[in-house]
Amino acid sequence: MVDISVPESLEGPLPSAQDSETGIYVYSIIECPEPRTFGKIGIGGRGDGVYTVHYKDLAAVVSRSLLVVYDPTRENVLAHEHVNEVIIEEGFTPVPMSFGTLFKTEKDIVEFLEDTYDALRDVLVKMKDKLEFGLRVNWAREEVLAEIERDDEGIRRLKEEISKSQQSSTYFARMQLGRMVEQALADKSDAYVRDIYEYLREAAIASRSNKPIGDKMIMNAAFLVERDKAGQFDQKVTEIAQRYEGKLSFRYTGPWPPYNFVTIRLQLERSAVV
Amino acid sequence: MIFKLLGAPITLPMAGLKFVFQQIADLADQELNDENAVRDQLLLLQVQLEDGDIDEDDFAEQEPELLARLRDIKARKRAEMEESADEELPPEANVQARRRVVVETPFDE
């Protein structure tokens, strides 16, 4: 982690009608010595052109924008991501800025690049020709449950006992059955996730596991992959998805900039804090 | 029938009821305060749209509600911290303030 101070860009109080002013939105940092444009795809729905602001061999990919707080709506997030997608298609490896990052002027951006140059260079070298792929896996819980009830000796026997017995003691047996089934489901889920990681590991440089979203999802991961190994990684994902067809469904996305492996964000400086 | 209606409040386990109300209050409070809970719900909404569990209309209806709650939570947090006027904007959009850059690579860890 590297902290670098950015000089104050402007003195004075915050203007009240901030949204009538324009600033510059920054999507990511790339290595690029020559000015480039990437089309009229800027965030904010005004069709602002996306272009580069330079310091030495580094460039910030930017567009003009109103000085507003961008809500993380689907529309805004997709606009931000789309710009980075286009940059990747053009062969660059962007290091992404946090969503919603604005500067007042191009001069402020050049200062930011200058002050953060060493840290940005380090990160760009580290991330050179590396891309991120997302993999979310949902399971068909009912299918897995049916499999457990078929294959798990203990569960099957207990189930039979309960169905034969007419006594009130089945209440406790049912409780126990419930616990055993829950445990077996959790074990299955862990085993699937482990197997998938194991299978994909050799084709990736690194992985990060994020919290699954909702109760159908058992895996929510990001993989960092060499650009020239992306085809191989694709292939492996296809293979593992085939292995689990009917039980697990795979949602595979990318290539992304390494959102899960690098972040550049701005923090307010608090002069009072020592 | 009448006996049952009259009897109900007395026979209800009061301690249990109080506990339930307390839990509801705690939950409401926590949900209101918990920015992460709302963010999780936004993510879930997105996933549900992508998985086809909800359609664009459902999404368009629910997203603004969640975003409004997110804004409320943030506004209240800032009010609680009694921040000054130039700190009312999130750092990403606060072009006037002194900002520092943090580069993180969780990749290393």
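Values in this document were obtained by computation on a predicted structure and should not be read as measured data. (Residues numbered from 1 in each chain as written. Chains lettered and ligands numbered in written order. Predicted model: local features only at pLDDT ≥ 70, side-chain atom pairs only at ≥ 80, totals over all residues.)

With that out of the way, let us pick up the overall build of chain A. Regarding its fold elements, chain A presents 7 helices and 11 strands. For chain A, the residues scored as buried account for 28% of the 274 residues in total. (Helix = DSSP H or I, 4+ residues; strand = E, 2+ residues; numbered from the N terminus. Buried ≥ 20, exposed ≤ 12 C-beta atoms within 10 Å, placed from the backbone.)

Moving on to helix α3 (residues 35-50) of chain B. All names here are of chain B. Helix length check: α3 (16 residues) gives 23 Å between terminal C-alpha atoms against 22 Å at 1.5 Å per residue, within 8%. Of the residues making up α3, those classed as buried are Val 38, Leu 42, Leu 45 and Val 47. Among the residues trailing α3, Gly 52 stands out with phi positive, at a value near 80°. (Expected span 1.5 Å × (residues − 1).)

Another aspect to go through is the packing of helix α4 (residues 141-151) of chain A against helix α6 (residues 170-201) of chain A. All names here are of chain A. Across the interface, α4 lies against α6 with an axial gap of 10 Å and an inter-helix angle of 115°. Here α4 lies roughly perpendicular to α6, going by the angle between them. Of the two elements, α4 crosses α6, and the hand of that crossing is right-handed. Residue-level contacts link Val 144, Leu 145 and Ile 148 of α4 to Val 181, Ala 184, Leu 185 and Lys 188 of α6. Of the residues contributing to the contact of α4 with α6, the split by class is 6 nonpolar, no polar and 1 charged. (Axes fitted to C-alpha atoms, helices over the stretch in contact; angles between N-to-C directions. Parallel < 35°, antiparallel > 145°, perpendicular 65-115°, else oblique. Left-handed = near helix turned anticlockwise from the far one by under 90°. Contact = placed C-beta atoms within 7 Å. Nonpolar A, V, L, I, M, F, W, Y, C, P; charged D, E, K, R; others polar.)

All right, on to unusual backbone geometry then. Leaving glycine aside, a negative phi is the common case for residues, and trans is the common case for peptide bonds. Residue and element names in this part refer to chain A. Put simply, Gly 254 and Pro 255 share a cis peptide bond, and its omega is 0°. Even without being glycine, Lys 56 reaches a positive phi, approximately 50°. Position of Lys 56 among the secondary structure elements: in the loop between β3 (50-55) and β4 (58-66). You will see that Asp 129, though not glycine, has its phi angle at about 55°, which is positive. Relative to the helices and strands, Asp 129 resides in the loop between α3 (117-127) and β7 (130-139). Since 13 C-beta atoms lie within 10 Å of it, Asp 129 is described here as partly exposed.

A separate point is the packing of α6(A) against helix α7 (residues 230-243) of chain A. Angle between the axes and distance between the axes: these two values describe a pair of packed helices. Residue and element names in this part refer to chain A. At a minimum axis separation of 9 Å, α6 and α7 run at an interaxial angle of 150°. Relative to α7, α6 is oriented roughly antiparallel. Taken as a pair, α6 and α7 cross one another with a handedness that is right-handed. Contacts between α6 and α7 involve Ile 196, Tyr 199 and Leu 200 from the first element and Lys 236, Val 237 and Ile 240 from the second. Across the contact of α6 with α7, the residue classes break down as 5 nonpolar, no polar and 1 charged.

Turning to the sheet that holds strand β9 (residues 217-226) of chain A, a few remarks are in order. All names here are of chain A. Taken in spatial order, the 4 strands make up an open sheet running β8-β9-β7-β10, and their pairing is antiparallel. Of all the strands in the sheet, the pair left with one neighbour each is β8 (206-210) and β10 (248-256). Sheet twist, expressed as the mean angle between neighbouring strand axes with direction ignored, is 20°. Two elements, β7 and β9, share 9 bridges in a ladder whose sense is antiparallel. Counterpart to Leu 135 in the pairing with β9 is Ala 221. (Pairing = 2+ DSSP bridges.)

On to the nonpolar core, then. Residue and element names in this part refer to chain A. Core analysis: the biggest nonpolar cluster contains 61 residues, and Val 26, Ala 60, Val 61, Val 62, Ile 109 and Phe 223 have the highest contact counts within it. Among the elements that line this core, the one with the most residues is β9, at 7 residues. Mapping this core onto the domain boundaries places at least three of its residues in each of domain 1 (20-128) and domain 2 (132-256). When near neighbours in sequence (up to four residues on either side) are disregarded, Val 62 contacts Ile 24, Tyr 25, Val 26, Tyr 27, Tyr 51, Val 53 and Ile 109. (Core = buried A, V, L, I, M, F, W, Y, C linked by C-beta atoms within 7 Å. Domains from an automatic or database assignment.)

For the rest of this paragraph, the subject is the interface of chain A and chain B. Opposite the 43 residues of chain A that make contact, chain B presents 29 residues. Breaking the side of chain A that touches chain B down by element, the ones donating at least two residues are β1 (2-5), β6 (102-103), α3, β8 and β11 (263-268) of chain A. With 6 residues, the top contributor of residues to the side of chain A that touches chain B is β11(A). Split by residue class, the side of chain A that touches chain B holds 22 nonpolar, 11 polar and 10 charged.

To continue, consider the domain arrangement of chain A. According to the domain assignment, chain A consists of domain 1 (20-128) and domain 2 (132-256). Between the C-alpha centres of domain 1 of chain A and domain 2 of chain A the distance comes to 38 Å.

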